[in-house]
Every structure is written in structure tokens, then in C-alpha cells.
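Structural overview
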Amino acid sequence: MDIQKTLDIPPVLPEKNRIKSIYDSYSNLFNIILINIEQGLKDNLVLASSPTFKSRVKSFSSYYRKILRVKKMSELKADSLICITDMIGIRVICAFLEDLDVVEQQIKEKYNVKEIEHKGQANNFREFGYESVHILIEIPPDCLPDQPLNPAEKTLPLPPDLVCEIQIRTILQDAWAEVEHELVYKSEFSPFDMPLRRKLASMNASLSLADIIFQEIRDYQKKFQKEVDDRRFSFYEQADNLTRSSAPELVSVRRGEKIQRISPYVHGTIDDMLLEAIHAHNTGDLDKAIQIYTVIIESDPVPPVAVLTVIYKHRGMAYFAKNEFTKALADFQKTITYDAGNFRALYYEGIVYSVMNSYREAIECFTKSLEINEFQSHAHYRRALAHYKLNEYTEALEDLGDAAKLGLDDEDCQALHKKLIEKFDMKM
């Protein structure tokens, strides 16, 4: 008779030292796998902001406590490795909430995913707690060592249920999890009185709200940058068209991507007004854009210098789009008055002078702009064009060569180069 079964006596717990010996024998292998998977994540994750990584192979003491907690007694065998899901763990810490979905999707595309859990997602709006995305992946074959680490490890089988746990969190979610782990989990303390529980919930709510606000600011910045990029593209496009109309012998076709517009924005702060003005500018409502820019400039109290610098530059570009070159020039010069190091405003001023056929003044502006930032291929091209207009062909050729060194060698540059060579041939 099996007395153990009859009396319902649990199996004898395997010897701890034996379990430790087996676990330790895999230590080097686990570390190599960990390093390789982490490097793969660093090489393949593509985000606008750079994530940080934390990784670890679980210590034996933590591992042993967990297997006693989560494994059934019948699963605790002393002759093989007992696997749990987080023996090998990597944490990807992102700046913004939007990054979490991006990282999750990229991991699903690269790895064989066994399980995904969104911890804390089931909480209702009154609840706050631990939030994190946990993804279990199979160990990729290319993350295993090519050769056995030592002869003793030749007999070590890789457990079929071995996985790597990848956690994805924001910086604030990670901060909360670390502190909560120290206060509650690690100390085996759970506050029962309501004031302490409310304080913990309040702190987590504040961090969650901060994450949301950071994301809203990020969304605003992306929309603003999109509008600014569109506006700058249209400014350069008009400058090119005006340049070609005054120099038909240099005309070439330049193709640009279709600009995707985004929706109007709410009135309110200077940021909102600026975004609305730039959007109006981009969609062709130049009078509205100039009106909003002017309201900001003339507001009481007077906006800070940093704000005026930006607004004058944008209004100058709007005036330029209306072919009001004298007003555009005055606004760009006002920008430089507030910020002498603003190389873009100097560049824009040079473009206006070029369109007004004031080539000597244009060259002076392009030169000042390049003294601040020498890596402006288009400034070299436009200075070359101004030199060409003044019959200064040697200087023009030098600038065109500098533009090519910086990677600008489009059809406009090639057309100017052809004309310069013809001029030199005529002299010979």
C-alpha cells in the first residue's frame, strides 16, 4: 500500500542544493541568451525617442522563492531545470505612452511570441496600480552560443518551455513599479488603513496623469513640427519658383511629396494660436495667418523675446508667400535683432534679397548664415547663384562644389554648373 497517497502526504520537497546546482549550471548560458536578445532589441527597435534597457537573469534566491510559490509540489523535480517565465528578463523603458504599442508591435514582428499580458489594463477609472506590458518570447536560435561554453555543458538540454520575458513600460510606470516593489512586495507589507492606501493610490494617479500630459505635449509637438515642416517646404518651393522665373536658363523640375494637412486647432494659449496661424499659412489663408501672428506680437504683456523671435520669422515667411518682400525682409531683420545667431532667418533674408535682385546683400546674408552653421548645402547653392548673377563665376563654382560636398547635387545645381562651365569655356 502507498502510505503517502493514503494519508495524502505531499511529496518530499527536492533538495534545495540540488536545484541550485542545476540552476547554476545554466547561468552562463542564460547570460549569453540575455545579452544577445537585448542587443537584438537595441538593434531592431525603432522609436522617435531612445528607450533604455534593464536586464537580468533571476538570482537563485528569487528563483527558489518563486518556484515554491507558483509551482505544484509534483512539478518540483530535482533532476532537471524547473522553468518559470521570468528567469530571463529584459525591460524596455520608453519615454511616452505612444511608444508602448510601437515596441509591442515590433517585438511581435521580430520574435515568436508565446503570450502577451497587459497588466493593470483591467483597472476601472477608480483604480490605480501596477501597469506594464509583459511579453513572453521563445528563445531565438541565433541567440544561443555557437559552441558549448565548456565540456561540462555539452549535456545541458535547452528546456523546451524556456522563454524570455520582455516588459515594456514608460519611465513613470517603471518608477512606480520600483517604489511599489520596495514598499509593498519586498517588505511583505500591505497597508490596511485607508489613509495610507489613499496616499499610494494618489501617487500612482499623479504619475499616470503625468504620463498622459507628457503624451499630450508630445502629440502637440508632432503636430506643430508637421505644420512647420510643411510651411518651410512651401517657402522654399516659392523661393525656387521665383528664382527660376528670374533665371529661366536655370529652370529644372523639382518634385515634392504631397503634403498631408492636419485639422484646425483650438484657440487659447500662444502655442494654440501659433499652431493655428501656421496651419492657416500652410493651407493658403495667409491673411488669417498674418493676423494671428500680429495679434501675438502686439499682445499685452509683450511676449518673451524667444516667442517674438519665432513669430517674426513665421510672419516674414507669410509676407514672402504674398510677394510682400519689403515686409518679409523687415520681419526677418527683426528676428535677427532678437536673435543674432538665427542662421535660418539670415538665410531667409538672403533669399528675399536675391528675389529683389540685391545680390550683394544676399551674398552677405548667406555668408553670415554659413558662419553660424557651415553645414547648409542650400545656402552654398544660393550664394553660388548670387555670385553667378554678379558674374563672379569662380566664387560661384567654389560654392557649388561646397554644396556638392554636403550632398546637394540636384537638377538646379547641375543646371548652374553647366552654365558656369559654358562661361569658363567662353573665356578661353
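Our subject is the structure that appears above.
Computed from a prediction, not measured in an experiment: that's the story for all the values here. (Residues numbered from 1 in each chain as written. Predicted model: local features only at pLDDT ≥ 70, side-chain atom pairs only at ≥ 80, totals over all residues. Heavy atoms only, no water.)

With respect to the overall build of the protein chain
Let me state the cut-off plainly: Helical segments are the DSSP runs of H or I of at least four residues, strand segments are the runs of E of at least two, and each set is numbered from the N terminus. Only protein chains enter the accessibility calculation, which uses a 1.4 Å probe; a residue is then buried when its area is under 20% of its type maximum, exposed when over 50%, and partly exposed in between. Contact between two residues is taken to exist if any of their heavy atoms lie within 4.5 Å; hydrogens are not considered. For accessible areas, the Shrake-Rupley method is used with a probe of radius 1.4 Å. Any residue's cover is judged against the shown protein chains and nothing else.
The number of helices and strands found in the protein chain is 16 helices and 5 strands. With 428 residues in all, the protein chain has 41% of them scored as buried. The long-range share in the protein chain, meaning contacts at least 24 apart out of those at least 6 apart in sequence, stands at 67%. Summed over all atoms, the accessible surface of the protein chain reaches about 24,300 Å², with 54% contributed by carbon and sulfur.

Quick notes on a nonpolar patch on the surface
Operational definition: Within the patch definition used here, like charges are joined within 9 Å and nonpolar side chains (Val, Leu, Ile, Met, Phe, Trp, Tyr) within 5 Å, considering only residues with over 30% relative accessible area and no salt bridge. The term salt bridge refers to a pairing of a side-chain nitrogen on Lys or Arg with a carboxyl oxygen on Asp or Glu at a separation within 4 Å.
There is a patch of nonpolar side chains on the surface, built from Leu 209, Ile 212, Ile 213, Phe 214 and Ile 217 and spanning about 440 Å² of accessible area. Topologically, Ile 212 is positioned in helix H7 (residues 194–246).

Some thoughts on the pattern of salt bridges
What the rule picks out here adds up to 23 salt bridges. Here Glu 392 ties to Arg 360 by a salt bridge, and the two come within 2.5 Å at their closest N and O atoms. Separated by 32 residues along the polypeptide, Glu 392 in the loop between helix H14 (377–389) and helix H15 (393–405) and Arg 360 in helix H13 (residues 359–372) bring together distant segments of the chain. Linked through salt bridges whose partners overlap, the residues forming this network are Lys 54, Arg 91, Arg 169, Asp 174 and Glu 178.

Topic: helix H3 (residues 27–44)
Operational definition: The length a helix should cover is 1.5 Å for every residue beyond the first. Here the arc refers to the directions that run from the helix axis out to each C-beta atom.
If you check H3, its first and last C-alpha atoms are 26 Å apart, about what 18 residues at 1.5 Å a residue would give, namely 26 Å. Of the residues making up H3, those classed as buried are Leu 29, Phe 30, Ile 33, Leu 34, Ile 37, Glu 38, Gly 40 and Leu 41. The buried residues of H3 occupy an angular sector of 160° when projected down its axis, which confines them to one face. Residues of H3 that are exposed and angled more than 90 degrees away from the buried face: Ile 35 and Asp 43. Where H3 is buried, its residues meet helix H2 (16–25), strand E1 (52–57), strand E2 (88–94), helix H5 (97–110), strand E4 (132–138) and strand E5 (163–170).

Quick word on the packing of helix H9 (residues 286–297) against helix H10 (residues 305–321)
Stated formally: Interaxial angles span 0 to 180 degrees and are taken between N-to-C directions of axes, which are lines fitted to C-alpha atoms, for helices over the stretch in contact. Convention used here: angles under 35 degrees read as roughly parallel, angles over 145 as roughly antiparallel, angles from 65 to 115 as roughly perpendicular, and any remaining angle as oblique. In this scheme the handedness of a crossing depends on how the near helix is turned from the far one: anticlockwise by less than a right angle means left-handed, clockwise means right-handed. Gly is put with the polar residues, along with every residue not named as nonpolar or charged; the nonpolar set is Ala, Val, Leu, Ile, Met, Phe, Trp, Tyr, Cys and Pro, and the charged set is Asp, Glu, Lys and Arg.
Look at H9 against H10: their axes get within 9 Å of each other, and the N-to-C directions meet at 155°. Relative to H10, the element H9 is oriented roughly antiparallel. The hand of the H9/H10 crossing is left-handed. Residues Leu 286, Ile 290, Tyr 293, Thr 294, Ile 296 and Ile 297 of H9 touch H10, and the partners they reach there are Val 307, Leu 308, Ile 311, Tyr 312, His 314, Arg 315, Ala 318, Tyr 319 and Ala 321. Residue composition of the contact of H9 with H10, by class: 12 nonpolar, 2 polar and 1 charged.

Some thoughts on H2
Within H2, burial applies to Ile 19, Ile 22 and Tyr 23. Buried residues in H2, looked at end-on, bunch into an arc of 100°, giving them a common side.

Overview of the sheet that holds E2
Note the threshold: Only strands that DSSP links by at least two bridges are regarded as paired with each other.
Ordered by their spatial adjacency, 5 strands build an open sheet running E1-E2-E5-E4-E3, and the pairing between neighbours is mixed. The open sheet has two edge strands with one neighbour each: E1 and strand E3 (113–119). For this sheet the average axis-to-axis angle between neighbouring strands, irrespective of direction, equals 15°. Taken together, the 7 bridges between E2 and E5 define a ladder with parallel strand orientation. Bridging across to E5, Val 92 finds its partner in Ile 168. Contacting E2, E3, E4 and E5, H5 runs over the sheet at an angle of about 160° to E5.

Quick look at the pairing of E5
Most of E5 is tucked away, with 8 of its 8 residues classed as buried. Bridging between E4 and E5 involves 6 bridges; their strand directions are antiparallel. Paired with Val 133 across the two strands is Ile 168, which belongs to E5.

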